[in-house]
Amino acid sequence: RNPDDADLLFSLALINRETGDNLAAQAYLRQMIDLDERVDEAHYYLGRIAEDEGDLKGALYQYKQVKGGRDFLSANNRVGRILIDAGDVEQSHQYFSLLRDKQPEQREPLYGLEAELLKSVDLLEASLAILNQGLSEFPDSSSLLYSRSMLGEEMGDLFVMENDLRTILEKDPDNATALNALGYTLANHTDRFVEARDLIARALVLQPGEPAILDSMGWVLYRQGEYEESIKYLRQAYDKFPDPEVAAHLGEVLWISGDERSAMEIWQGALTKDPEHKVLIATIKRLVVNALDVGH
């Protein structure tokens, strides 16, 4: 009845992709391009299909055709990921530099995207250089400041971490994400527990029930020696968001409290979902191996 309805074609393409009929999905997506309707989305999903089938050259071509819309950053994330995974870090950088010139309205998020890609493969200095470049152009960018603060924490530069988060909070005192990040990092890496707890408490008022903030509150309570109260918050966080890092925290407090069986159950459950999670593995090694060494 409606052979040229791009919305119906797109729905059919997604359904066929889900059921494994990539040929039909590709046909519907190409029909959308021929009709000049929802073209960016069509190219993005053609890229996804090509990548799923191992055709990385075809995937790169399709992703690069995405000129805007909601899939623009996702498509370029895939471009960067394919190039970096192939060892073409310099080519990836050249691509993003050119793209920022072609798409000036997307310059700020593209700096953040490139930095995140570099960080994901432990190219931390290169990631920092990109963020510094981005912030030289967009000094008030909360997203770039936050990214650099988290990178600073990972690189052990707590001065950068704290300075960038406080810059965000000067402009936006009710930024719950920044409040929580600063509070958690202070609790995790310093002995400024009272200050950390106040920051996290402010974040929790702004976003009650948010698992990341519940986890932070549980962690600062643990650092202050309030184990029973800590476990309450960490259990709430884990029930809402069974993340490996939350599991690491909950397991540690249970272990230190003497409930080693429950700790092991939490850790084993998390390991089945993410057997290579760095924080989780480091926590288990630190506590269990040390206990075995003492016992031996």
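Just above sits the structure.
The numbering scheme is per chain: residues are counted from 1 as the chain's sequence reads. At least 70 in pLDDT is required for a residue's local features to be given in this predicted model, at least 80 for side-chain atom pairs to be given and counted, and no such filter applies to totals for whole chains, interfaces and linings, which use all residues. Excluded from the side-chain calculations are hydrogens and water; all other atoms, namely the structure's heavy atoms, are used.

K.L.:
Before we move on, can you summarise the overall build of the protein chain with the specific residues and values?
P.N.:
Helix and strand assignments come from DSSP, with helices taken as H or I runs of at least 4 residues and strands as E runs of at least 2, each series counted from the N terminus. Across its full length, the protein chain holds 17 helices and 0 strands. Projecting the C-alpha coordinates of the protein chain onto the three principal axes gives extents of approximately 65 × 45 × 40 Å. In this scheme, a residue with accessible area under 20% of its type's maximum is buried, one over 50% is exposed, and one in between is partly exposed, where area comes from a 1.4 Å probe on protein chains only. Across the 296 residues of the protein chain, 45% fall into the buried class. In what follows, a contact means two residues having at least one pair of non-hydrogen atoms within 4.5 Å. Put simply, of all contacts in the protein chain between residues at least 6 apart along the chain, 44% involve residues at least 24 apart. One way to put it: in the protein chain the 30 positive side-chain charges average out to a point 1 Å from where the 53 negative ones average out. The charge count treats Lys and Arg as positive and Asp and Glu as negative. His and the chain ends do not count. To locate a charge, take atom NZ for lysine, CZ for arginine, CG for aspartate or CD for glutamate.

K.L.:
How would you sum up the packing of helix α5 (residues 72–85) against helix α6 (residues 89–102)? Please name residues and give values.
P.N.:
Packing of α5 against α6 leaves a shortest axis separation of 7 Å and a crossing angle of 155°. The angle between α5 and α6 falls in the class roughly antiparallel. Crossing handedness for the pair α5 and α6: right-handed. Across from F72, N76, V79, G80, L83 and I84 in α5, the residues of α6 making contact are V89, Q91, S92, Y95, F96 and L99. Per-class residue counts for the contact of α5 with α6 are 8 nonpolar, 4 polar and no charged. Note on method: axes are straight lines fitted to C-alpha atoms, helices fitted across the in-contact stretch only, with angles between N-to-C directions ranging 0 to 180 degrees. When an angle is under 35 degrees it counts as roughly parallel; over 145 it counts as roughly antiparallel; between 65 and 115 it counts as roughly perpendicular; any other value is oblique. Crossings are assigned a handedness: left-handed for a near helix turned anticlockwise from the far helix by less than a right angle, right-handed for a clockwise turn. Gly falls in the polar group here, along with every residue not listed as nonpolar (Ala, Val, Leu, Ile, Met, Phe, Trp, Tyr, Cys, Pro) or charged (Asp, Glu, Lys, Arg).

K.L.:
Tell me about the side chain of Q103, and please be specific about residues and values.
P.N.:
Topologically, Q103 is positioned in the loop between α6 and α7 (107–120). One polar contact links the side chain of Q103 to the main-chain carbonyl oxygen of K67, over a distance of 2.8 Å. Beyond its immediate chain neighbours, meaning those up to four positions away, Q103 contacts K67 and F72. Pairs of N or O atoms within 3.5 Å make up the polar contacts considered here, provided that, within protein, one atom can donate a hydrogen while the other can accept it, and that residues adjacent in sequence are counted only when both atoms are side-chain atoms.

K.L.:
Describe in detail helix α1 (residues 6–18), supporting the description with residues and values.
P.N.:
Helix span is expected to be 1.5 Å times the residue number reduced by one. Its 13 residues give α1 an end-to-end C-alpha distance of 18 Å, which sits within 8% of 18 Å, the value for a rise of 1.5 Å per residue. Looking only at α1, the buried set comprises A6, L9, F10, A13, N16 and R17. Taken down its axis, α1 places every buried residue within 130° of arc, on the same side. Exposed side chains of α1 directed beyond 90 degrees from the buried face belong to I15 and E18. Arc, as used here, means the arc of the directions from the helix axis to the C-beta atoms.

K.L.:
Tell me about unusual backbone geometry, and name the residues and values.
P.N.:
The residue D36 is not glycine, and still its phi comes out positive at about 60°. Mapped onto the secondary structure, D36 falls in the loop between α2 (22–35) and α3 (39–52). The phi dihedral of R38 is positive, around 50°, even though this residue is not glycine. In this fold, R38 is placed in the loop between α2 and α3. Accessibility expressed as a relative area gives 28% for R38, which makes it partly exposed.

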